[in-house]
Amino acid sequence: MRSAPRSRREIGIIVVSLTAAIPLDFMSGFVPSSARVPLRIEQIDPASDQDWDEQVSTHPRASVFHGSAWSAVLSEVYGHRALYLRAWNEGRLVALLPLMEVRSAITGRRGVSLPFSDYCDPLLFDHSAAAELVEQLYRIARANRWKFFELRGAGLTGLSTPVSKTYFAHRLSLTPALETIFAGFDASNQRAIRKAERSELAVEFSNDLASVIELFDLHAQTRRRHGVPPQPRSFFEAIHRHLVAPGLGFTTIVRKDDRPIAAALYFQQGARAVYKFGASDVRYQEHRPNNFAMWHGIQELIRRGAEELHFGRSDVGQEGLRRFKLSWGAEESALNYYRFDLRQAGWTGESSSTVPSSANHLFRLLPLAVNRAAGALIYPHLD
């Protein structure tokens, strides 16, 4: 049985009472101790904290992944426990770090910032706070007996800290004129968009549950073609409830003769947007519905005030997906994850989490209903 969340007072007692030495190489690459600031660090659940979202919104790198709505999705669907950190220095807010505890009898207990999130950079208002914040994170990991904790994105670790996993990230500025944005696309992408426009496709933007379910149905088909199970339908229903319905996201649905043939799901936090899911019916691929969905999704984001679109992470080996994102004129950069292994008492280097090809083959063969059921069983143990 999962224990009840600890109060702020209890967390403070735990941190003060811990006397275990921090590994000597733990702070390698961080600012020297003489430059660190004394912090007061709170551990909170954003679902019950009225100030979290407002404080997140004041940081220029904030995304939907940092907010309480995304935390509610992960807690509700997978049972992950929110242990978000907020740091103060003499009454001045200096850092916000979303963090969740993932517990599994199969894959163990660990802290992740954040599960199922492409990136979730710690939000630092004062970079000199990074070292002490990570020290506190280490103590919390010890107190909760985690195997490791993982940070997804830049902001806390030093330059000499080993990278545990590297992905590609792609960002597109939405501030130029629409004609300039289109001119920045690859010629092949421009031709695909024009072909889609001649194919009598219809596009719609929606915040209702029916459109999210249509996207999920296409997503399940697409994932099966790729040899992986989809996340459960309950995950998409929770996304609709906590993000799409309240206006933090929307779906783009492309139809051919009233049939949904492609869909995309976008999140938006102020001026920053994220392309989270895209899927299509392979039988209609000749009409280039994915290009059509993205192009109209970009225009809708601009109408809604977005100034940057993040295309999410891409595995280094996913060349097809990488080319698709680059074809939109997006700027490519490395997206690094950092993992501290408490058993090894140090930051771990490059690791591999590739699914065996035999598993991919199996998931392609399974009936769609079985594939969906497998996803519902598997994803609570993943992050």
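Structure shown above.
Residues numbered from 1 in each chain as written. Predicted model: local features only at pLDDT ≥ 70, side-chain atom pairs only at ≥ 80, totals over all residues. Heavy atoms only, no water.

Visitor: Explanation requested: the overall build of the protein in the structure shown.
Guide: Looking only at helices and strands, one finds 12 helices and 16 strands in the protein. Nonlocal contacts in the protein, meaning residues at least 24 apart in sequence, comprise 77% of its contacts between residues at least 6 apart. Within the structure as shown, the protein displays about 17,000 Å² of accessible surface, and the carbon and sulfur contribution to it stands at 52%. (Helix = DSSP H or I, 4+ residues; strand = E, 2+ residues; numbered from the N terminus. Contact = heavy atoms within 4.5 Å. Areas by Shrake-Rupley, 256 points an atom, 1.4 Å probe, with all protein chains shown as cover.)

Visitor: Can you walk me through the sheet that holds strand S7 (residues 123-124) in this structure?
Guide: Picture the strands of a sheet paired through backbone hydrogen bonds; they go either parallel or antiparallel. Sheet architecture is open: four strands sit in the order S1-S3-S4-S7, paired in antiparallel fashion. The open sheet is flanked by strand S1 (40-44) and S7, the only strands paired with a single partner. Here five bridges tie strand S3 (residues 84-89) to strand S4 (residues 92-97), and the two strands are oriented antiparallel to one another. Across the sheet, residue Asn89 finds its bridge partner in S4, namely Arg92. On top of the sheet, helix H4 (residues 130-143) reaches S1, S3, S4 and S7; it is set at about 50° to S1, its chief contact. (Pairing = 2+ DSSP bridges. Axes fitted to C-alpha atoms, helices over the stretch in contact; angles between N-to-C directions.)

Visitor: Mind showing me how you'd approach the nonpolar core here?
Guide: Nonpolar side chains in soluble globular proteins tend to end up buried together. In this structure, Trp70, Phe235, Ile239, Leu243 and Phe267 are the most contacted members of the largest nonpolar core, which totals 44 residues. It is helix H8 (residues 233-244) that provides the largest number of residues to this core, a total of six residues. Apart from residues lying up to four places away in sequence, Trp70 is in contact with Val64, Phe65, Leu114, Pro115, Phe116, Ser117, Phe235, Ile239, Leu243, Phe267 and Lys276. (Core = buried A, V, L, I, M, F, W, Y, C linked by side-chain atoms within 4.5 Å. Buried < 20%, exposed > 50% of the residue type's maximum accessible area, 1.4 Å probe, protein only.)

Visitor: What is the right way to read the environment of Tyr338 from this model?
Guide: Inspection of the secondary structure puts Tyr338 in strand S15 (residues 331-341). A residue is classified by how much of its surface remains accessible, and Tyr338, at 10% relative accessible area, is buried. It is 5.5 Å that separates the C-alpha atoms of Tyr338 and Glu150, two residues lying 188 residues apart in sequence. Aside from chain neighbours lying at most four places away, what touches Tyr338 is Phe149, Glu150, Leu151, Gly153, Thr157, Thr161, Pro162, Val163, Ser164 and Trp347.

Visitor: Before we go on, may I ask you to explain unusual backbone geometry in this structure?
Guide: Comment: phi is negative for the bulk of residues other than glycine, and the bulk of peptide bonds are trans. In this chain, Ser113 is followed by Leu114 through a cis amide linkage whose omega measures -5°. Among the structural elements, Leu114 can be located in the loop between strand S6 (108-113) and S7. Even without being a glycine, Phe116 presents a positive backbone phi close to 55°. Considering the arrangement of structural elements, one finds Phe116 in the loop between S6 and S7. The class of Phe116 is buried, set by a relative accessible area of 12%. Although it is not a glycine, Arg288 adopts a positive phi angle of roughly 55°. Note on placement: Arg288 falls in the loop between strand S13 (272-280) and helix H9 (289-303). Under the relative-accessibility criterion, Arg288 is labelled partly exposed at 32%.

Visitor: Sorry, what's going on with a nonpolar patch on the surface here?
Guide: The grouping of Leu377, Ile378 and Leu382 at the surface amounts to a nonpolar patch, some 250 Å² of accessible area in total. What makes Leu382 partly exposed here is its relative accessible area of 34%. (Patch = residues over 30% accessible without salt bridge, like charges linked within 9 Å, V, L, I, M, F, W, Y side chains within 5 Å. Salt bridge = Lys/Arg side-chain N within 4 Å of Asp/Glu carboxyl O.)

Visitor: Explanation requested: a positive patch on the surface in the structure shown.
Guide: A contiguous patch of positive charge on the surface is contributed by Arg194, Lys195, Arg198 and Arg288. Tracing the chain through its elements places Arg194 in helix H6 (residues 187-197). (Lys, Arg positive; Asp, Glu negative; His and termini not counted. Charge placed at Lys NZ, Arg CZ, Asp CG, Glu CD.)

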